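Architecture at a glance
Here are the chains, one letter per residue:
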Amino acid sequence: MNAADFPILTTLIVIPAVAAIMCLFLRADGARLIALIATLFNLILGVWLWASYDPSYGQWQFQESVMLFGPVGWKLGIDGISLMLIMLSLFLMPICIGASWRAITDRVGEYMAAFLFMESLMIGVFAAQDLLLFYIFFEAGLIPMYLIIGIWGGKDRIYAAYKFFLYTLLGSVLMLIAMLWMIQQAGTADIPTLLNHDFPPEAQTWLWLAFFASFAVKMPMWPVHTWLPDAHVQAPTAGSVILAGVLLKMGGYGFLRFSLPMFPEASAQLIYLVFVLSMVAVVYTSLVALVQKDMKKLIAYSSVAHMAIVTVGLFAFNQQGIEGAIIVMLSHGLVSGALFLCVGVIYDRLHTREIDRYGGLSINMPKYALFFMLFTMASVGLPGTSGFVGEFLALAGTYQVSTWATLICATGIILGAGYMLYLYRRVAFGEQKNEDAAAMPDLNRRELWLLAPIAAVVLWMGVYPESFLRPIRADVSKIVERIDRAAPDGDSALLADDPAMKGYRVQRAEHGDKEGSAH
Amino acid sequence: MNLASSLYFARPEIILSVAALALLMVAAWRSNASKLISMLSVAALVAAGVWSAHLMFSPSFELGGDAFDGLYRMDAFGSLSKLLIYSAAAISLIIAPRFLSNMGAMRGEYPVLVLFAVVGMGIMVSANDLLTLYIGLELNSLAAYVLASFARHDERSAEAGLKYFVLGALASGILLFGMSLIYGFAGSTDFTAIGKALSGEMGMGALFGVVFVLSGLAFKISAAPFHMWTPDVYEGAPTPVTAFFASAPKVAATALLIRVTITAFGDQTFVWQQIIMVVAIMSILIGAAGAIGQNNLKRLLAYSSINNIGFILIGLAAGTAEGVSAMLVYLAIYVAMTLGGFVCLMQLRNRDGSLREDMSDIAGLSQTRPALAAIFAIFMFSLAGIPPLFGFWGKVVVFNAAVAAGLLPLAVIGIAASVIGAFYYLKVVKVMYFDEAKDIIVVENDRSLIWTGALLAAFVSPLGYLLISPLGQLTDKAASALF
């Protein structure tokens, strides 16, 4: 049976929302169970959605359109990029619920409700086909996340919750004004139509900047990333997972869905703004990550560095770069989510995130050390893990535009290896200098069930990325085709007759075909 | 224009006046019938509302009509404003009796005074002449002054009434002065005639007149920089009265301001647009910044109303039918949000029954009274304009009108300033949800409060989005009556 015969996207949004309302009225155990059932059921629906998706056809599939809300159309539909990000959200949600199973004992019903609302809104963001509907989903996520950080967070949770909320709100309101202008100029709020609408180039710059204000904060890019370490450190484990796993991807998705195809000229014009900010981010946040004493903060800074590779890849204006950026987004969603879970596992036992309080965990927690190592390696970008595929493609694509940006951003991989391996050494290796840390039991079955699926997908994406590249290929080609007219000249093109290069030049007839499928 | 049709058009005001006079007699002779009088007043409001709806929707009055030789104008704009005013007033009457009797202040005069104020407001929104405008305004204000000091034995209430009266009289004086200047330069008090007379180059005297009239009206809608009375009066007056002040008279004064600027000064857009823009931005900023330090929740909501008026005025600055329509949408949502906020405040009572209205009293309310905290949080997020709550839609339409009119800088400044406002709404949520529970507030047993709160919360919840189309059609129709 094909999922297209059925309003599946609406169902995916409605199920968690209904379950959330139920959770509000239930006791702790009932709420946990309802949340787990709802998210697992949604995941099954998601698998069905993926199975029914036709990768050769590309955008747009499973479209639904009801004009329920006057000018705000309930218009949903997905392409391959949305599909992958929806799958990421659906996959991480049951894991988040599982991660909170024992860790959250206070106001469980409200907690589960907040997470389930979050799931509805995340799917809505990736599926919305109406500009205002997108904005509503995009912004509405602030409320549950504010409550998650503020109620169930750590010591400085209130400061972190405010910072998260106000930072992202200030970024987004300018985007709203830009959206209103666009709707009036184009006469429609329909995203597929707007994707082919050419805005006047002089207006594009302003619109691009307004969208950039929102997505750069959400992404987050240096120098507006400072909310992220605070939010991550203070949020409960599952909150960090969903924040790193999915919410940060909304920024990248926004660049991909709006900034690039709607404002190609402005994107080309401001490409160096993105590149410079990304280069600074990679080097600066990696160095900051090196000196962190708090595990979650370290991973948060590493997120900023990884997201910078996403932005350079997206603005490479070519197939490789964009595909790579999307794979980095997916991979980072899984890997940083898993790393936060790993931190959560030992935090639940010792109630501290300070790196110095641990050490030698591979002796008493061998299973844990194995998983932690796998995710560390994936974060570093070891071949065979998902991290490698994305970063390689993204940087290879960027090289065609700017060799300098590639050079600087590639140092992020080396620095990444530095801070991640340093973290791993301090936590898992060395002598067991703390008695209480040495006495911690290994992973229990629930924790194993949380980490094993992510590990499997990380390896799957690393060994056979084609499963994830196939659905997005057609859509990325459409974007590349659309922005090609504005694509900037790269600084790495070969000169036609460079005498110094003559001896090295290999003539390959099929060179042209190879481009765009270098996987 | 014969008398019969004039009386026909003014029927809502006549119904309310007769009802108010009759109920005043009842109140004079029956001292313990205050609840009955409240119910009958609500019935009178419903009757007047039905009549307004009839005037608005009946195809034979599509174009509206003048009554009393052009002193009074019946059109869709006035009728819709009246519907909003009547709903707000009815809600204020429904939530009041039990609350005021607990305070020992409930008397039969309360609903009667509300009715008289509402008659004044009806005349305000239908006024097509400076004199009718003034009469309506004063009728409303005089009733309001008494209402502010309705809790006679409470010092704060008496102070609020006096303050409101003195400052209100000053504003009326400013308004009158402006009106006399306008009359002097235009040679007429009729809005349409003024509009004709003031076209083209504007003299200094007439300009002063416009500025004074706008200042006087800005006082009535508590827009900055004429907002100073608002926090004091809102804090001092009994909470149901404050809820009333923040809703119905706001609608009436805003509608009046719209009609004056669009009909009488319509050709002088350039003159009043700048004033309105400055007032709008100042109101947003002062409303937001002033609220941050407030510990008293009523004062906080007072600043919130100043803040909201700023957003509403952005629609007027656009000076288009779209802008006016957006203002009416915003007003409708605002009335629900602000009444809802006050309804939540009215439920804050500690064990010995005394009222609590400080920020610290609601600490951890989400643990002790989850339903009340959730509803209050909905109103706060909605006032902050965070989607998916309905308050967001009000902001969207208003800013959309400003963008359509080409006022991009105004829209950008306004919306960026709304983030400052979000800070203090979040603070209320923070105190309720993040702080340690104090267990001060007891369970409320006043059904009218619980039900009104729940219904208003449903309206501003995402369910409200279902009303976007019908609401938009109504307000478009009303706005087009002015252009």
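Note that the structure is predicted; figures quoted are calculated from it, not measured.

Our next topic: the overall build of chain B. Counting its regular elements, chain B contains 20 helices and two strands. Rg of the C-alpha trace for chain B: 21 Å, near the compact-globule value of 23 Å for 483 residues, within the 12% margin. Across its three principal axes, chain B shows a C-alpha extent of roughly 65 × 55 × 40 Å. Within the span of chain B, comprising 483 residues, buried residues form 63% of the whole. Taking the contacts inside chain B whose residues are at least 6 apart along the sequence as the reference set, 79% of them involve residues at least 24 apart.

Helix and strand counts for chain A come out as 23 helices and two strands. A buried classification covers 60% of the 519 residues belonging to chain A.

Residue and element names in this part refer to chain A. Of all the seven residues making up strand β2 (residues 72–78), five are buried; the element is thus mostly covered by neighbouring parts of the structure. Of the pairings in the sheet, the one linking strand β1 (residues 61–69) to β2 comprises five bridges and is antiparallel in character. Bridged to S65 within β2 is K75. In textbook terms, the turn of a hairpin is the stretch between consecutive antiparallel strands, and for β1 and β2 this stretch comprises two residues, one of which, G70, has a positive phi near 60 degrees.

Turning our attention to the interface of chain A and chain B. Across the boundary between the two partners, chain A contributes 27 residues, which contact 25 residues of chain B. Elements supplying a minimum of two residues to the side of chain A that touches chain B: β1, α5 (131–140), α6 (142–152) and α7 (157–186) of chain A. The element that contributes the greatest number of residues to the side of chain A that touches chain B is α7(A), accounting for 13 residues. Classifying every residue of the side of chain A that touches chain B by side-chain character gives 23 nonpolar, three polar and one charged.

Time to look at the packing of helix α12 (residues 269–292) of chain B against helix α18 (residues 408–433) of chain B. Residue and element names in this part refer to chain B. In contact at an axis separation of 8 Å, α12 and α18 are set at 15 degrees when each is read in the N-to-C sense. Considered as vectors, α12 and α18 are oriented roughly parallel to each other. The element α12 and its partner α18 pack so that their crossing is left-handed. On α18, the residues touching M277, A280, I281, I284, L285, G287, A288, A289, A291 and I292 of α12 are L410, I413, G414, A417, S418, I420, G421, F423 and Y424.

All names here are of chain B. The domain boundaries assigned to chain B delineate domain 1 (1–183 + 212–258) and domain 2 (268–483). Once you take the C-alpha centre of each, domain 1 and domain 2 turn out to be 21 Å apart. Taken together, the contact pairs 35 residues of domain 1 with 44 residues of domain 2. Broken down by element, the side of domain 1 that touches domain 2 gets its largest block of residues, 11 residues, from helix α4 (residues 76–103).

Before going further, it helps to spend a moment on the environment of B:G353. You can see B:G353 is positioned in the loop between α14 (321–346) and α15 (365–368). For B:G353, a count of 9 C-beta atoms within 10 Å corresponds to the exposed category.

Here the focus is the nonpolar core. It is characteristic of soluble globular proteins that their nonpolar side chains tend to be buried jointly. Residue and element names in this part refer to chain B. In terms of nonpolar packing, the biggest core is built from 417 residues, with V118 and A402 touching the most fellow members. Among the elements that make up this core, the one with the highest residue count is α14 (19 residues). The residue makeup of this core includes at least three contributed by each of domain 1 (1–183 + 212–258) and domain 2 (268–483).

It is worth spelling out the packing of helix α16 (residues 370–383) of chain B against α18(B) at this point. All names here are of chain B. For the pair α16 and α18, the least separation of the axes is 8 Å and the interaxial angle reads 160 degrees. Taken together, the axes of α16 and α18 are roughly antiparallel relative to one another. The hand of the α16/α18 crossing is left-handed. On the side of α16, the interface is formed by A373, F376, A377, M380, F381 and L383, while α18 contributes Y425, V428, V429, M432 and Y433. In the contact of α16 with α18, the residues fall into 11 nonpolar, no polar and no charged.

On average, chain B scores 90 in pLDDT, and the residues at 70 or more come to 100%. Interface confidence in the predicted complex, given as ipTM, is 0.91; pTM for the same model is 0.91.

A negative phi angle is the norm for most residues apart from glycine, just as the trans form is the norm for most peptide bonds. Put simply, A:M219 and A:P220 share a cis peptide bond, and its omega is -10 degrees. Summarising the element assignment, A:P220 is placed in the loop between α9 (201–218) and α10 (227–234). Cis geometry marks the peptide bond from B:P387 to B:P388, where omega comes out at 5 degrees. Along the polypeptide, B:P388 turns up in the loop between α16 and α17 (391–404). Within the chain, A:F62 stands out as a residue other than glycine whose phi angle is a positive 55 degrees. Take A:F62: there are 24 C-beta atoms within 10 Å of it, and that puts it in the buried class. Backbone geometry places A:R107, a non-glycine residue, at a positive phi of 50 degrees. Look at A:R107 and you get partly exposed, because 19 C-beta atoms sit within 10 Å.

As a further point, take the environment of B:L455. Residue and element names in this part refer to chain B. Within the secondary structure layout, L455 lies in helix α19 (residues 447–460). The class for L455 is partly exposed, based on 13 C-beta atoms found within 10 Å. Separated by 115 residues in sequence, L455 and G340 have C-alpha atoms that sit 8.8 Å apart.

As a general rule, the predicted coordinates of low-pLDDT regions are not to be interpreted in detail. Residue-level pLDDT values for chain A average 87, and 94% of them are 70 or greater. Predicted confidence is poor over residues 510–519 of chain A, with pLDDT under 50, and the contacts of this stretch with residues over four places away or in other chains come to five contacts.

You can see B:A479 is positioned in helix α20 (residues 468–480). Looking at B:A479, the number of C-beta atoms within 10 Å reads 26, which means it is buried.

Calculation criteria
Per chain, residue numbering runs from 1 following the sequence as it is written. By the order in which they are written, chains take letters starting at A while ligands take numbers starting at 1. pLDDT decides what is reported in this predicted model: residues at 70 or higher carry local features, side-chain atom pairs at 80 or more are listed and counted, and totals for whole chains, interfaces and linings draw on all residues regardless. Secondary structure elements are taken from DSSP: a helix is a run of H or I of four residues or more, a strand is a run of E of two residues or more, and numbering for both begins at the N terminus. For a compact globule the rule gives 2.2 Å times the number of residues to the power 0.38, and the radius of gyration it is set against comes from C-alpha atoms. Neighbour density around each residue's C-beta defines its exposure: 20 or more other C-beta atoms within 10 Å make it buried, 12 or fewer make it exposed, and counts between make it partly exposed, where C-beta atoms are placed from the backbone. By definition, residue pairs are in contact when their C-beta atoms, positioned from the backbone, come within 7 Å. Strands are treated as partners if at least two bridges between them are detected by DSSP. Three classes are used: nonpolar for Ala, Val, Leu, Ile, Met, Phe, Trp, Tyr, Cys and Pro, charged for Asp, Glu, Lys and Arg, and polar for all others, with Gly counted as polar. Comment: axis = line fitted to C-alpha atoms, over the contacting stretch for helices; angle = value between 0 and 180 degrees taken between N-to-C directions. Geometric relationships in this document are graded by angle, where less than 35 degrees denotes roughly parallel, more than 145 denotes roughly antiparallel, 65 to 115 denotes roughly perpendicular, and other angles denote oblique. Here a crossing is taken to be left-handed if its near helix is turned anticlockwise relative to the far helix by less than a right angle, and right-handed if that turn runs clockwise. Note: domain ranges come from an automatic or database domain assignment. Joined through C-beta atoms within 7 Å, a set of buried Ala, Val, Leu, Ile, Met, Phe, Trp, Tyr and Cys residues constitutes a nonpolar core. By definition, pLDDT measures how confident the predictor is in each residue, and it falls between 0 and 100.

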